[in-house]
Amino acid sequence: MTNNPNSIEAQKANKISRRDVLKTAGVGGVGILLGASGFGGLMSITESKATSKTEKEIVPFYGKHQSGITTKAQNHIYFVSLDVTTSKKEDLIKLFKDWTKASGLMTEGKTVGELSSNEFLPPKDTGEAAGLSPSNLTITFGVGPSLFVKNNQDRFGLKQKQPKELVDLPKFPLDALEEVWTGGDLCIQACADDLQVAFHAIRNLIRIARGKAILRWAQTGFQRSKQADSKNETPRNLFGFKDGTINPDVNSEKEMNEIVWVQPGDGPNWLVNGSYLVVRRIQMFIEVWDRTLLKEQENTFGRQRESGAPLGQKNEFDKPDFNHKDENGQDHIPADSHFRLSRGDGTQKILRRGFSYSDGMDVKTGALDAGLLFVGFQRTPSKQFIPIQTRLANMDKLNEYISHRGSAIFACLPGTKQGGFIGETLFN
Ligand code: HEM
């Protein structure tokens, strides 16, 4: 799904895969695992079958753009925001070089180092993804406004390079943002079809950052798995509605260049082929929703719950008729319904790539803390997310049932080729 030109074969050369390690390991826990299962003799047969399946589960890390943006959404997301603790630019550069190398390996299902080479040192790779498939892992890096200037300080001599678009989002009406889910100098978005694979990636990247950056906030998310939805229909959100019906076409280079990728002339050149990521942690009051009449629920989104069709139409992808009135002379699709309001005049578009989240109980209210980790990619936030969210915050019918509790904006760096590193255009 990405535009990445590099072949998987080329990237595979001279690297030890997690599977290879499993196959050859004679020491440590992995060896014991194999021994205990007693499948040694079957290994060569299962290996050859597994290899082709594994190849299909690799999303190339290197390329013109970072992966994880136009990549078809995987089953899980592990999103983290970090604060940089070092004051040295060289440390930052080293961090991005190390992150790039580790990410290139992990997205191919490899370990970041040999599983256990020296018993007197902690293993380089933490090990929990050993033997697991790459699971379409993508790792996407971004830089926040505070990396450039924090407390009026030009921290790394990057002030001149800060894009005009990379500034804190304005405060929207009804925002209930909490510090614990807001802002950050850097972000990493790891998405995979297996949560343990995504966790392993984030954990190892944080480990590599030791002494240079620390976690600020983290959020996992999910959507119905591909296994559970063999028909590959539009996923449903936690309010039971199809969510993701209308989205730009990630297979159209033209649309992606218009809507998602920063173009030459847009702003600083270092961000060309990158994108702006807006993340919002939006709690959904599902207990309230569950007591709401179906008609009211459908009026809230402007779509039918079962089919996902615009009100007044039959099928999910039917064109809405905004002029249609009901028997009382009211707009069939209410003007303050979520999808009608989000669309506006149709000129502001954004690539939505959100996931549901569920974080146990909200201790303040005793309700479930569940909702949407909204992730939206775009070329120009001031012309895309900001005007859309301004409209929604002012009059979206959905506001009765949701609360924006976290928020951040990041510039997702352009991609890099093998041998280069993510961030090279910014730091060089
Ligand atoms: C918990 C919060 C939200 C929920 C549950 C939600 C749910 C939905 C649903 C069910 C649809 C209709 C189906 C579809 O086309 O996907 C939709 C459409 C849309 N939403 Fe949201 N949404 C939320 C927040 C947001 C936010 C914060 C934004 C951006 C600022 C946004 C932007 C859009 C856009 C652009 C569309 C497509 C409009 C069109 O038809 O052209 N949504 N959303």
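No experiment lies behind these values; they were computed from the predicted model shown. (Residues numbered from 1 in each chain as written. Predicted model: local features only at pLDDT ≥ 70, side-chain atom pairs only at ≥ 80, totals over all residues. Heavy atoms only, no water.)

## Examining the overall build of the chain
Okay, step 1: Within the chain, the regular secondary structure consists of 13 helices and 11 strands.
Okay, step 2: Per-residue burial for the chain yields a buried fraction of 50% across its 428 residues.
Okay, step 3: Contacts spanning at least 24 positions in sequence make up 79% of the contacts within the chain whose residues lie at least 6 apart.
Okay, step 4: Carbon and sulfur atoms make up 53% of the accessible area of the chain, which totals about 20,300 Å². (Helix = DSSP H or I, 4+ residues; strand = E, 2+ residues; numbered from the N terminus. Buried < 20%, exposed > 50% of the residue type's maximum accessible area, 1.4 Å probe, protein only. Contact = heavy atoms within 4.5 Å. Areas by Shrake-Rupley, 256 points an atom, 1.4 Å probe, with all protein chains shown as cover.)

## Structural notes on the nonpolar core
The nonpolar side chains of soluble globular proteins are, as a tendency, buried together.
Okay, step 1: Counting residues in hydrophobic clusters, the biggest one holds 66 residues, and the most contacted among them are F96, W99, F141 and V143.
Okay, step 2: No other element matches the seven residues that helix α5 (residues 89-106) contributes to this core.
Okay, step 3: Excluding residues within four positions of it along the chain, V143 makes contact with F96, F148, L166, D185, L186, W270, F410, A411, L413 and L426.
Okay, step 4: Listed in part, the 22 residues of the second largest apolar core include I69, F79, C187 and C412. (Core = buried A, V, L, I, M, F, W, Y, C linked by side-chain atoms within 4.5 Å.)

## Digging into the packing of α5 against helix α7 (residues 195-208)
Okay, step 1: Between α5 and α7, the shortest axis-to-axis distance is 10 Å and the interhelical angle comes to 155 degrees. Compared by their axis directions, α5 and α7 come out roughly antiparallel. Crossing handedness for the pair α5 and α7: right-handed. Of the residues in α7, those touching α5 at L95, D98, W99, A102, S103 and M106 are H200, A201, N204, L205 and I208.
Okay, step 2: Class assignment of the residues belonging to the contact of α5 with α7 gives a composition of seven nonpolar, three polar and one charged. (Axes fitted to C-alpha atoms, helices over the stretch in contact; angles between N-to-C directions. Parallel < 35°, antiparallel > 145°, perpendicular 65-115°, else oblique. Left-handed = near helix turned anticlockwise from the far one by under 90°. Nonpolar A, V, L, I, M, F, W, Y, C, P; charged D, E, K, R; others polar.)

## What about the environment of G360?
Okay, step 1: In this fold, G360 is placed in strand β9 (residues 355-362).
Okay, step 2: For G360 and A370, which are 10 residues apart along the polypeptide, the C-alpha to C-alpha distance reads 7.5 Å.

## Some details on the packing of aromatic side chains
Okay, step 1: According to the stated counting rule, one finds 19 aromatic pairs in the structure shown.
Okay, step 2: Their ring planes at 75 degrees and their centres at 5.4 Å tell us that F96 and W99 sit as a pair that is edge-to-face. One end of the pair, F96, and the other, W99, are both in helix α5, three residues apart, so they sit about a helical turn from each other.
Okay, step 3: Given the relative accessible area of 1%, F96 is considered buried.
Okay, step 4: A ring pair is formed by F96 and F427, whose centres lie 5.5 Å apart and whose planes are at 45 degrees; its orientation type is tilted. Of this pair, F96 sits in helix α5 while F427 is found in helix α13 (residues 424-427), placing the two residues 331 residues apart along the sequence. Just as F96 is buried, F427 falls in that class too.
Okay, step 5: By way of ring pairs, the aromatic residues F239, F241, W289, F301 and Y401 are connected into one cluster.
Okay, step 6: One Lys or Arg, R281, reaches over the ring of W181 and ends 3.6 Å from the middle of that ring.
Okay, step 7: Lying across the ring of F339, R303 places its NZ or CZ 4.3 Å from the centre. (Phe/Tyr/Trp six-rings, centres within 6.5 Å; stacked < 30°, edge-to-face > 60°. Lys NZ or Arg CZ within 6 Å of the ring centre and 35° of its normal.)

## As for the coordination of the iron atom of the ligand
Okay, step 1: There is one protein donor for the iron atom of the ligand, namely H338 (NE2), at 2.1 Å.
Okay, step 2: Examined against the element boundaries, H338 turns out to sit in helix α11 (residues 338-343). (Donors = N, O, S within 2.8 Å, 3.2 Å for Na, K, Ca; no water.)

## So, the pairing of strand β10 (residues 367-378)
Okay, step 1: With 11 of 12 residues buried, β10 is to be regarded as a mostly interior element.
Okay, step 2: Pairing analysis gives eight bridges linking strand β7 (residues 275-284) to β10, with the strands arranged antiparallel. Looking at β10, one finds that I282 is bridged to L372.
Okay, step 3: Across two bridges, strand β8 (residues 351-352) lies against β10 in antiparallel orientation. By the bridge assignment, R352 is partnered in β10 with G376.
Okay, step 4: From the end of β9 to the start of β10, which pair antiparallel, there are four residues, and G366 there has a positive phi angle of about 75 degrees. (Pairing = 2+ DSSP bridges.)

## Describing the confidence of the model for the chain
Okay, step 1: On average, the chain scores 89 in pLDDT, and the residues at 70 or more come to 87%.
Okay, step 2: Taken as a whole, residues 1-50 scores under 50 in pLDDT and shows 80 contacts with residues more than four places along the chain or in a different chain. (pLDDT = per-residue confidence, 0-100.)

## A short note on the site of the ligand
Okay, step 1: Taken together, the neighbourhood of the ligand is formed by 24 residues, with G244, I246, H338, R343 and R352 sitting nearest.
Okay, step 2: Between the ligand and the protein, one listed contact pairs an oxygen atom with a backbone N or O atom of G244 at 2.5 Å.
Okay, step 3: One nitrogen or oxygen atom from the main chain of I246 is found 2.9 Å from an oxygen atom belonging to the ligand.
Okay, step 4: Elements represented by at least two residues in the shell around the ligand include exactly β7, α11, β10, α12 (385-395) and β11 (402-412).
Okay, step 5: Of the residues contributing to the shell around the ligand, the split by class is 12 nonpolar, seven polar and five charged. (Near = heavy atom within 4 Å. Polar contact = N/O pair within 3.5 Å; in protein donor to acceptor, adjacent residues only side chain to side chain.)

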